[in-house]
Amino acid sequence: AQKITQTQPGMFVQEKEAVTLDCTYDTSDPSYGLFWYKQPSSGEMIFLIYQGSYDQQNATEGRYSLNFQKARKSANLVISASQLGDSAMYFCAMRPLQGAQKLVFGQGTRLTINP
Amino acid sequence: GAVVSQHPSWVICKSGTSVKIECRSLDFQATTMFWYRQFPKQSLMLMATSNEGSKATYEQGVEKDKFLINHASLTLSTLTVTSAHPEDSSFYICSARDPWGPQYFGAGTRLSVL
């Protein structure tokens, strides 16, 4: 069984600061994908970044980067130079690359950027 | 632009009526789509996996007769909430998996049953 844990229910940071959102996972699948999604108050789930378990390098997408530490089973999201528009719920998710391929979500972290 | 379109975005209905929610993949063919339910301030809970041309696979505890899923084409899956009751009020989100990319989500449907 897969499990995703996000231990920070809420985070408050000042605008322009960098922020790290924690995510740890547990799985017995040999290969898997890790995802981060942003959910603003509108409810839409916005895909941010993806990391494959076989990838040697950490994924980056603009201001988003994923700090992937496979031995520690962690996949933290780093947002650089935070903006007011980054305020939202953030979900870490995982999916095995074989089999049923169901996406499992963590509990989420509510990020608030203060001006 | 959106790669997954979900309609309607908000629906209010009377108790006992049925509501259909549509989910379309716009940029790719999706043999598999997923339906999630989200309660306020909680994470997404997978309800069922919709398979094109075959029966949906429901998660444990989800009533298949209450939540009917049809995946008649490679770009369209529908979720019908039958005989809706106030406890069915929730935020429903569909998702489609791009075979060569990530899983994309629709904008969600807010269902309010009076």
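Everything numeric in this text was worked out from a predicted model, so none of it was measured.

Q: I would appreciate a short explanation of the overall build of chain B in the present structure.
A: Helix and strand counts for chain B stand at 0 helices and 11 strands. For chain B, the α and β elements follow one another from N to C terminus as β-β-β-β-β-β-β-β-β-β-β. In terms of C-alpha radius of gyration, chain B reaches 13 Å, essentially the compact-globule figure of 13 Å for 114 residues. For chain B, the spread of C-alpha atoms along the principal axes amounts to about 40 × 30 × 20 Å. Burial analysis of chain B (114 residues in total) assigns 54% to the buried set.

Q: How should I be thinking about the pairing of strand 7 (residues 67-73) of chain B in this particular structure?
A: Regular strands place side chains that alternate from one sheet face to the opposite one. Pairing analysis gives 5 bridges linking strand 7 of chain B to strand 8 (residues 76-81) of chain B, with the strands arranged antiparallel. Bridged to B:Asn70 within strand 8 of chain B is B:Thr78.

Q: Would you mind going over the pattern of salt bridges with me for this structure?
A: Where charged atoms from two side chains of opposite charge approach closely, those side chains can pair. Applying the stated criterion across every chain, the model contains 5 salt bridges over all chains. Notably, a salt bridge pairs A:Arg63 with A:Asp86, separated by 2.8 Å at the nearest N-O pair. Remark: A:Asp86 occurs in the loop between strand 9 (74-79) and strand 10 (88-96) and A:Arg63 occurs in the loop between strand 7 (60-61) and strand 8 (64-69); sequence separation between them is 23 residues. Overall, the relative accessible area of 23% leaves A:Arg63 in the partly exposed class. We note a salt bridge from B:Glu22 to B:Arg24, for which the minimum N-O separation is 3.5 Å.

Here is what the cut-offs are and how they apply
- Residues numbered from 1 in each chain as written.
- Chains lettered and ligands numbered in written order.
- Predicted model: local features only at pLDDT ≥ 70, side-chain atom pairs only at ≥ 80, totals over all residues.
- Heavy atoms only, no water.
- Helix = DSSP H or I, 4+ residues; strand = E, 2+ residues; numbered from the N terminus.
- Rg over C-alpha atoms; globule rule 2.2 N^0.38 Å.
- Buried < 20%, exposed > 50% of the residue type's maximum accessible area, 1.4 Å probe, protein only.
- Pairing = 2+ DSSP bridges.
- Salt bridge = Lys/Arg side-chain N within 4 Å of Asp/Glu carboxyl O.

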